[in-house]
Amino acid sequence: MKFRGFTKLLQYSAAVVVISVANAIPMAVAGTQVSSPVIVATSADLTQGTLANSQPDAPLSSYTVAGTRYWIGSQWNYSGKITQSLMQGDIEHPFTSIAWTKETCNLSAATGYCIDGPNTAFTKVMPSDVHSLWFVGLYQPQPNDGGLLGIIHEEKVGTSSRNRIGLAWSADNGNTWTYLGRILSAYGDPDGGNIQGAPYLVKDGFLYVYYTDLGDGTLPAGSNGLSVARANLSDVLTAARAGSVGSNLWHKYYAGGFVEPGLGGRSTLLGPYGITHTQAVHSQYTGKYYVLLTVMAWGGSDSFVKLYESIDAINWTPTVTLADEAASNLRPDGGYQYCSIVDPEGRPNAEAGAYLNVYCAKDPLSATTPHVGIYRWWVDLSGTTQMYRQSIDYSTQQGPYWWYQSGRNAVIQDMTYEGFWHGTDRWAAIYGDAMHPAADEIPVLKWVAPRAGTVRIEGTVRDADIGCGNGVNTSIVHNGTQIFAADIDNGDTVGRSIDTVRQVAAGDGIFFMVAARGTDYYCDSTRWDPSIRYQ
């Protein structure tokens, strides 16, 4: 007899009960740790109300006023316009409510350029040839005094396709803005080059802004990469309050010093490769600087989110990879983009302690594929959290924490390892970050608690084979009680998340299961990489 997916899963709710462990073995922790991602903004959140018919088009920038957290973001509206929105919500729910969505600026009917006027995000624009602006970062000089410095990505300067990094100023907590002007352009200022940007850091009284540049003209054609410029922060803020970007404040890093002009000067490429529509942070715990870089699955590239670290904000080495997914598992041109960093303990202005919240848009595509979400990873730079994650701990041996099992005829038994874990039917399989069901046999990934305590279970289950199939049913059971169930359709590469806290006793079992829908199971590869951390 063939069972539908949830019927199959329900057979095992009674079977997955307490599994005793004679001796709990403490987890050895070292280095940076990253929880599995969870969705903190769904497609419904991202298209609610005034956000309808749009998608994220820049990293979120967050700040607080009188204890309330706000998020400002730029969207690409399917009508072809760039709009700006201010959201309100905590670090786990950034889109709780929409304070406003506004057009970027008033446009002159005669020239098509931005002009001063009310009821838009930028009510005053200093340059005379501005088309399109995006918020990519915010600096808050003083809490609750109304002042905010915006770091801006600009495209289509004048009649060209040239890009810039600019600055903006708000004196009313981000409700209205003045676009002050441009501070950075690529070497030689080529038409059509994308300067991307712009993560920022504060170091030794200077504001460091990162972006993508072309070098100095000696590199092979098409070369570009992470670059940096800086200016004295006090001078930048003085000029911004006075309504300008100042004069000759910004200098690019080149050949060992900040010696080249910000507009058009030469630059030294700093090494790491990736899209710089991201953010950066300084950890007061490690004393290091961190920057995010991403790549979308454009042209068949794998999509990744990587965190790099530096002791001097110039020389960068890899810290940890948060995501790395093959283009074949993603929608065309999908993947990860527009990543932000927020200190979960509340420090502003690209400062953090031992922990980071990283947010990225997943599959910010187009009107024809509007399914999009924002993922959140929790990063522990101290490496002291007792955390277990399937992809990190994946082993050729069973236990003592992760057990690789399968369910057939309401009986659960251990799998066999032959390059991967599989059941009696080899289609029932568990891989490092994925699972695959068979027609009448389901993979069962079991975690056994090494000690009593409070644990946080996190993870996002999603389709990993978009080419065919009819979807899967998934479930999580804790000692015989189902605590999560999700129906994942074929092509759903954003997925559904669990983010819940449970009390466990030593020896408790938490079971992650995937079942085929009916007899169609050949294309049911399902990405599931849960993490469990003690609170």
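The structure this text deals with has already been given above.
Let me sum up the structure you'll find in this document. A quick note: this is a predicted structure, and the numbers were derived from the prediction, not measured. Along each chain, numbering runs from 1 in the same order as the chain's sequence is written. Note on the predicted model: pLDDT of at least 70 is required for a residue's local features to be given, and 80 or more for side-chain atom pairs to be given and counted; whole-chain, interface and lining totals, by contrast, use all residues. To obtain the side-chain values, all non-hydrogen atoms of the structure were used and water was disregarded.

**Describing the pairing of strand β30 (residues 411–414)**
Here is step 1: Sheet analysis places strand β29 (residues 402–408) next to β30, joined by 4 bridges and oriented antiparallel. Each bridged residue has a counterpart across the sheet, and for Q405 the counterpart in β30 is D414.
Here is step 2: In this analysis, strands are considered paired if DSSP registers two or more bridges between them. Numbering of helices and strands starts at the N terminus; helices are DSSP runs of H or I of at least 4 residues and strands are runs of E of at least 2. Taking the residues that link successive antiparallel strands as the turn, the β29-β30 hairpin has 2 residues, and the phi of N409 there is positive, at about 55 degrees.

**Description of the sheet that holds strand β11 (residues 132–139)**
Here is step 1: Read from one edge of the open sheet, 5 strands run β10-β14-β13-β12-β11, paired in mixed fashion. Each end of this open sheet is capped by a strand with a single partner; those strands are β10 (122–125) and β11. Direction aside, the axes of adjacent strands within the sheet are offset by 35 degrees on average. Helix axes use the C-alpha atoms of the stretch in contact, all axes being lines fitted to C-alpha atoms, and the angles between their N-to-C directions lie in the range 0 to 180 degrees.

**Focus: the sheet that holds strand β25 (residues 351–352)**
Here is step 1: Read across the open sheet, the 5 strands follow the order β23-β22-β21-β20-β25; overall the sheet is mixed. Since the sheet does not close on itself, it has two edges, and those belong to β23 (317–325) and β25, each with one partner.

**Topic: the layout of surface pockets**
Taking a probe equal in size to a water molecule and rolling it over the atoms shows the remaining empty space.
Here is step 1: Taken as a whole, the second largest pocket encloses approximately 330 Å³ of empty space.
Here is step 2: Both site types are read off a 1 Å grid over the protein atoms alone. A 1.4 Å probe that fits but cannot get out defines a cavity, while an open set with protein on both sides within 12 Å along at least five of seven lines defines a pocket; lining residues have an atom within 4 Å of a point. Considering the residues around the second largest pocket, the lining is formed by 16 residues, among which G80, K81, I82, H131 and S132 are closest to the centre.
Here is step 3: Residue contributions to the lining of the second largest pocket peak at 3 residues, all from β11.
Here is step 4: For this classification, the nonpolar set comprises Ala, Val, Leu, Ile, Met, Phe, Trp, Tyr, Cys and Pro, the charged set comprises Asp, Glu, Lys and Arg, and every other residue, Gly included, is treated as polar. Looking at the lining of the second largest pocket residue by residue, the class counts come to 6 nonpolar, 5 polar and 5 charged. Grid points are joined across faces, edges and corners, and a volume is the space filled by probe spheres set on the points.

**Brief notes about empty space enclosed by the protein**
Here is step 1: On inspection of all chains with the given rule, the structure shows 6 cavities of 30 Å³ or more.
Here is step 2: For the largest cavity, the lining is made up of 24 residues, of which S62, I341, P348, N349 and A350 are closest to its centre.
Here is step 3: Looking at the lining of the largest cavity, the elements with two or more residues in it are β4 (61–65), β11, β20 (280–283) and β24 (336–342).
Here is step 4: It is β4 that contributes the most residues to the lining of the largest cavity, 4 residues altogether.
Here is step 5: When its residues are assigned to classes, the lining of the largest cavity shows 12 nonpolar, 8 polar and 4 charged.
Here is step 6: Roughly 130 Å³ of volume is contained in the second largest cavity.
Here is step 7: As for the second largest cavity, its lining consists of 19 residues, of which P56, A58, L60, F95 and I374 are closest to the centre.
Here is step 8: Elements supplying a minimum of two residues to the lining of the second largest cavity: β3 (54–56), β5 (68–77), β24 and β26 (355–362).
Here is step 9: Of the residues contributing to the lining of the second largest cavity, the split by class is 13 nonpolar, 6 polar and no charged.

**Side note on the packing of aromatic side chains**
Here is step 1: Stacked, tilted and edge-to-face are the three classes applied to pairs of Phe, Tyr and Trp rings, where Trp contributes its six-membered ring and a pair requires centres within 6.5 Å; stacked means planes under 30 degrees apart, edge-to-face means over 60, and tilted covers the rest. Considering all chains together, one arrives at 27 aromatic pairs under this definition.
Here is step 2: Ring plane angle 20 degrees and centroid distance 5.2 Å describe the contact between Y355 and W378, whose orientation is recorded as stacked. Taken as a pair, Y355 in strand β26 and W378 in strand β27 (residues 373–380) lie far apart in primary sequence, 23 residues in all.
Here is step 3: Buried, partly exposed and exposed residues are distinguished by accessible area as a fraction of the type maximum, computed with a 1.4 Å probe on protein chains only: under 20%, between the cut-offs, and over 50%, respectively. Relative accessible area serves as the criterion here: at 11%, W378 is assigned to the buried category.
Here is step 4: Among the aromatic residues, ring-to-ring pairing joins F122, F135, W177 and Y179 into one connected group.
Here is step 5: Criterion for a charge above a ring: Arg CZ or Lys NZ at most 6 Å from the ring centre, at most 35 degrees from the ring normal. Directly above the aromatic system of F304 lies the positively charged group of K306, at a separation of 4.4 Å from the ring centroid.
Here is step 6: Over the ring of W378 we find R533; its NZ or CZ atom is 3.9 Å from the centre of that ring.

**Observations concerning the side chain of T120**
Here is step 1: Its place among the elements puts T120 in the loop between β9 (114–115) and β10.
Here is step 2: One polar contact links the side chain of T120 to the main-chain carbonyl oxygen of F122, over a distance of 3.0 Å.
Here is step 3: Contact partners of T120, with chain neighbours within four places excluded, come to K102, E103, T104, C105 and N106. Polar contacts, as used here, are pairs of N or O atoms within 3.5 Å; protein pairs need one atom able to donate a hydrogen and one able to accept it. Residues neighboring in sequence count only if both atoms are side-chain atoms. Contacts are residue-level and defined by heavy atoms, with any inter-residue pair within 4.5 Å sufficient.

**What to know about the state of the cysteines**
Here is step 1: In this description, a disulfide is simply a cysteine sulfur pair whose atoms lie within 2.5 Å. Under the defined criterion, the tally for this structure stands at 3 disulfides.
Here is step 2: Disulfide pairing is shown between C105 and C114; the S-S distance is 2.0 Å. Taking the torsion about the sulfur-sulfur bond, which here is approximately -60 degrees, the covalent link between C105 and C114 counts as left-handed. Both residues of the pair, C105 and C114, count as buried.
Here is step 3: Along the protein chain, the cysteines engaged in disulfide bonds are linked according to the scheme 1-2, 3-4, 5-6 when indexed in sequence order.

**Thoughts on the pairing of strand β22 (residues 303–310)**
Here is step 1: Along β22, 7 of the 8 residues are buried, which leaves the element largely enclosed by surrounding structure.
Here is step 2: Bridge count for strand β21 (residues 289–295) against β22 is 7 bridges, and the pairing is antiparallel. By the bridge assignment for β22, Y290 is matched with E309.
Here is step 3: For β22 and β23, the ladder comprises 7 bridges, and the chain directions are antiparallel. Across the sheet, S303 pairs through a bridge with E325, a residue of β23.
Here is step 4: Between the end of β22 and the start of β23, which pair antiparallel, lie 6 residues, with A313 showing a positive phi angle near 65 degrees.

**As for the environment of N119**
Here is step 1: With respect to the helices and strands, N119 occurs in the loop between β9 and β10.
Here is step 2: Using a relative accessible area of 71% as the deciding quantity, one classes N119 as exposed.
Here is step 3: Separated by 279 residues in the primary sequence, N119 and Q398 have C-alpha atoms spaced 62 Å apart.

**Regarding helix α3 (residues 233–241)**
Here is step 1: Among the residues of α3, those classed as buried are L233, V236, L237, A239 and A240. Along the long axis of α3, the arc covered by the buried residues comes to 165 degrees, so they all point the same way.
Here is step 2: Sitting at the head of α3, N232 places a side-chain oxygen 3.0 Å from the backbone nitrogen of S234.
Here is step 3: Once α3 finishes, G243 follows within two positions and takes phi at roughly 95 degrees, a positive value. What the arc covers is the set of directions going from the helix axis to the C-beta atoms.

**Points about unusual backbone geometry**
Here is step 1: Cis rather than trans, the peptide bond between G197 and A198 has omega equal to 5 degrees.
Here is step 2: Relative to the elements of secondary structure, A198 occurs in the loop between β14 (177–184) and β15 (200–203).
Here is step 3: Residues G399 and P400 are joined by a peptide bond in cis, for which omega reads 5 degrees.
Here is step 4: One can find P400 in the loop between α4 (390–393) and β29.
Here is step 5: Within the chain, A66 stands out as a residue other than glycine whose phi angle is a positive 50 degrees.
Here is step 6: The residue A66 is located in the loop between β4 and β5 in this model.
Here is step 7: You can call A66 exposed: its relative accessible area is 65%.
Here is step 8: Unusually for a residue other than glycine, A255 sits at a positive phi of about 55 degrees.
Here is step 9: Among the secondary structure elements, A255 is positioned in the loop between β18 (251–254) and β19 (257–261).
Here is step 10: Judged by its relative accessible area of 66%, A255 falls in the exposed class.

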